[in-house]
Structure formats: structure tokens, C-alpha cells
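Now for the letters of each chain:
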Amino acid sequence: MKLAFSTLGVPGLPVPDVIRLASAHGFHGVELRAHPEEPVHPGLSGVERASVAAEFRANGVEVLGVAGYPRVAAPGDDGPVIADIRLLVDLARDLGAPYVRVFPGAGEEQTRERADATAARRLGSAAEYAAEQGVRVLLETHDSHRTGADAIRVLGRVGHRNTGALWDVMHTWLGGEQPSESFAALAPFLGYVQVKDIASADDTTPLALGAGVLPLAECVEVLSRHGWDGWLCWEYEKRWYDEAAPLPELLAAGHAHLSRLLDDSA
């Protein structure tokens with residue numbers, strides 16, 4: 001498996017500094033949070049995108065994915081949601097990233113059936129465009145669809161190879177799934193895995209990997225046992241928690257912890 005981290009952990013950090021951190025600490029790639037407050041977002045010009053892509057290539061660091069915020073199950077018109085996904089797909093294509101992340105985001109007023117159908121319809125439409133660009137759109141286990149069982153209700157309807165799942169191990173755990181259950185559900189669709197750690201279900205402030213309660217060892221063991229060889233991406237949610245320790249000072253230990261888990265599960 002290859003290791004990456006998300007720029008959600010280093011809000012606003014310039015691209016050259018992000019690349020230096022990845023290179024210095026042995027991470028193979030980076031997931032880029034695609035938001036207007038970040039250096040990389042869909043508003044970049046073609047020249048700016050080419051410059052970012054070239055800088056990553058020159059330093060041997062991969063852009064794993066573009067983490068966007070469209071909510072595919074949310075109530076409302078399909079058009080704006082699909083348009084936002086297409087903008088992210090274009091950005092991923094230009095950066096050489098294989099994946100785009102989207103959220104479910106169903107509203108409380110929706111029935112489960114209606115939310116699932118809405119998400120599947122939008123993802124199906126976006127998948128056709130993503131296929132033309134060589135990009136895959138991943139539905140993250142999150143908010144209204146936080147478990148693997150939730151996600152496959154949508155992805156099973158879509159049935160397109162350019163859609164898939166992003167397994168956020170915190171949300172499946174909060175949803176009551178065991179790692180083996182989450183993997184069994186998501187395996188046919190799995191793009192990559194987001195790892196993290198927290199103190200408890202009531203305190204999701206990000207911690208150093210291994211310092212909290214999430215079953216990271218079990219997740220890695222399940223992946224290894226089934227021969228899965230994709231990406232583990234550390235999503236450290238510093239952007240939402242000012243009190244959390246700075247990510248750069250945790251990266252070395254985080255990489256070492258993940259490496260130990262991989263060695264132990266081999």
C-alpha cells in the first residue's frame with residue numbers, strides 16, 4: 001500500500017511546502033482539498049494547473065485525489081451538483097489525479113429511498129463525463145451515508161466503473177460497522193482509504209495516529225489479508241479544530257505508525 005496525507009491537515013499551505021513535507025516524511029502522495037481558501041481549487045487557470053502538476057511530478061509526489069464538497073444526495077436540482085462534480089473532474093484530470101471525492105449529504109426531510117435514488121442518478125450522470133476524462137468519482141462514507149452498507153445502496157445502483165467508494169474509517173466506526181464488515185461491503189467499489197484517529201465518539205478532535213480509539217490495526221489487517229494494495233491517506237482534520245496539534249510535527253511518527261501496521265499485517 002502507498003501512503004498519502006490530506007491538505008485538510010495543513011490549511012492554506014502553499015503547494016511547494018506541501019510537497020516538501022511529503023518528500024521529507026516518505027509519503028508517496030497527497031490528497032488536495034479543493035476549496036477556494038486553498039491554493040488548489042477549480043478556479044485555477046490552465047497555466048496554474050499545469051504548474052502545480054509539474055511541481056508534483058518534478059518531486060516524485062503523486063496527487064492522489066481532489067477532495068471536493070458536492071453533496072450528491074442533497075435535495076434540490078441535479079444540475080448544480082453535477083456541474084460542480086464536472087469542475088472537480090476537470091481539475092483532477094489537469095493535475096493527473098485519478099480520484100475526485102464527493103459527499104452524500106442527504107437532508108433529514110428526505111426518505112432513505114429518495115436520497116439513495118438522487119445520489120445514484122447524479123453519480124451516474126457524472127460518471128459518464130468522468131470516464132471521458134480518465135477520472136473516478138468516489139463517494140465518501142460520511143454524514144447521511146456513513147457506513148459501507150449505506151454507500152453500497154447508492155453505488156450498487158450506479159453500476160459504473162468510474163464511480164466508487166472512499167472508505168473513511170472514522171465514519172464507518174461511528175456508524176457501528178466492524179472493519180471486516182466495511183471492507184466486505186466496499187471492496188468491489190473501493191478507491192482508497194482515509195485513516196485518522198480520535199479520542200472517542202464524543203470527541204472527534206484529530207489525534208496522532210495510534211493515540212486514539214479507531215481500529216486502524218484491524219483496518220490495515222483486513223486490507224492486507226485480502227491483498228488490497230491501494231492508498232492509505234491520513235486525513236487529519238486540522239482545518240476544523242484549531243486546538244489540534246500542527247500536522248507537520250506529527251507526520252514522521254504517523255508515517256512510522258502506518259509502516260508498522262503494514263509490516264505487522266504482512
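Residues numbered from 1 in each chain as written. Predicted model: local features only at pLDDT ≥ 70, side-chain atom pairs only at ≥ 80, totals over all residues. Heavy atoms only, no water.

Trainee: In this structure, what is going on with the sheet that holds strand β5 (residues 136-140)? I would like to understand it.
Mentor: Strand pairs in the sheet, formed through backbone hydrogen bonds, run parallel or antiparallel to each other. Overall, parallel pairing links the eight strands, which are arranged β1-β2-β3-β4-β5-β6-β7-β8 in a closed barrel. Adjacent strand axes in the sheet meet at a mean angle of 30°, parallel and antiparallel pairs treated alike. Alignment of β5 against strand β6 (residues 163-168), held across four bridges, turns out to be parallel. The partner of E140 across the bridge, within β6, is L166. Seen against the sheet, helix α9 (residues 251-265) touches β1 (2-6), β7 (190-195) and β8 (231-234) and runs at an angle of roughly 145° to β1. (Pairing = 2+ DSSP bridges. Helix = DSSP H or I, 4+ residues; strand = E, 2+ residues; numbered from the N terminus. Axes fitted to C-alpha atoms, helices over the stretch in contact; angles between N-to-C directions. Contact = heavy atoms within 4.5 Å.)

Trainee: Looking at this model, I keep getting lost on the packing of helix α2 (residues 46-58) against helix α3 (residues 78-95). Mind explaining?
Mentor: The contact between α2 and α3 brings their axes to 8 Å, and the two run at 50°. On the basis of the axis angle, α2 is oblique to α3. In contact with R49, V52 and A53 of α2, α3 contributes D90, L91, D94 and L95. Along the lines of polarity and charge, the residues of the contact of α2 with α3 split into four nonpolar, no polar and three charged. (Parallel < 35°, antiparallel > 145°, perpendicular 65-115°, else oblique. Nonpolar A, V, L, I, M, F, W, Y, C, P; charged D, E, K, R; others polar.)

Trainee: Help me understand the packing of α3 against helix α4 (residues 112-133) in this model?
Mentor: Helix packing for two helices is described by the angle between their axes and how far apart those axes are. Where α3 contacts α4, the two axes come as close as 10 Å, and the packing angle between them is 30°. Between α3 and α4, the angle falls in the class roughly parallel. Two packed elements cross with a definite hand, and for α3 against α4 that hand is right-handed. Touching D78, V81, I82, I85, R86, V89, D90 and R93 of α3 are T118, R121, R122, S125, A126, Y129, A130 and Q133, all from α4. Across the contact of α3 with α4, the residue classes tally to seven nonpolar, three polar and six charged. (Left-handed = near helix turned anticlockwise from the far one by under 90°.)

Trainee: It is not clear to me how the environment of G164 should be interpreted in this structure. Could you clarify?
Mentor: Relative to the helices and strands, G164 resides in strand β6. What makes G164 buried here is its relative accessible area of 0%. The spatial distance from the C-alpha of G164 to the C-alpha of V154 is 9.9 Å, given a sequence separation of 10 residues. (Buried < 20%, exposed > 50% of the residue type's maximum accessible area, 1.4 Å probe, protein only.)

Trainee: Honestly, the pairing of β6 in this entry has me stumped. Any pointers?
Mentor: It is a general feature of regular strands that their side chains alternate between the two faces of the sheet. Among the six residues of β6, six are classified as buried, and the element is accordingly described as predominantly covered. Handedness of the crossover joining β5 and β6 through helix α5 (residues 148-158) is recorded here as right-handed. Relative to β7, β6 runs parallel, the two sharing four bridges. When the bridges of β7 are listed, L166 appears paired with Y192. (Right-handed = clockwise from strand over helix to strand, strands pointing away.)

Trainee: Would you mind showing me how to read the packing of aromatic side chains here?
Mentor: For any pair of aromatic rings, the description consists of the separation of the ring centres together with the inter-plane angle of the planes. A complete count under the given rule lists four aromatic pairs for this structure. On the numbers, 5.3 Å between centres and 90° between planes, the contact of F5 with F27 is edge-to-face. A residue pair is termed long-range when its members are at least 10 positions apart, and F5 in strand β1 and F27 in the loop between α1 (15-25) and β2 (29-33) qualify at 22 residues. Across this residue pair, the class does not change: F5 and F27 are buried. With a centroid separation of 5.8 Å and 75° between ring planes, the pair formed by Y69 and F103 is classed as edge-to-face. Of this pair, Y69 sits in strand β3 (residues 62-71) while F103 sits in strand β4 (residues 99-103), placing them 34 residues apart in sequence. Since its relative accessible area comes to 23%, Y69 is described here as partly exposed. Judged by its relative accessible area of 6%, F103 is buried. Sitting over the ring of Y69, R101 keeps its end group 5.1 Å from the ring centre. (Phe/Tyr/Trp six-rings, centres within 6.5 Å; stacked < 30°, edge-to-face > 60°. Lys NZ or Arg CZ within 6 Å of the ring centre and 35° of its normal.)

Trainee: For this particular structure, what's the right way to read helix α7 (residues 179-186)?
Mentor: Quick reminder: α-helices carry 3.6 residues per turn. Residues three or four places apart thus point the same way. Within α7, the full set of buried residues consists of P179, S182, F183, A185 and L186. What you see down the axis of α7 is that its buried residues fit within an arc of 165°, all on one side. (Arc of directions from axis to C-beta.)

Trainee: Explanation requested: empty space enclosed by the protein in the structure shown.
Mentor: To locate leftover empty space, one rolls a probe as large as a water molecule over the atoms. Inspection of every chain in the model, using the stated rule, returns two cavities of 30 Å³ or more. T7, V10, L13, V15, V18, L32, R33, E38, P39, V40 and F56 together form the lining of the largest cavity. Here the lining of the largest cavity is built from residues that sort into eight nonpolar, one polar and two charged. Here the second largest cavity is characterised by a volume of approximately 40 Å³. Every residue lining the second largest cavity is listed: M170, K196, D197, I198, T204, P206, W234, E235, Y236 and E237. (1 Å grid on protein atoms, 1.4 Å probe; cavity = no way out; pocket = protein on both sides within 12 Å on 5 of 7 lines; lining within 4 Å. Points joined across faces, edges and corners; volume = space filled by probe spheres on them.)

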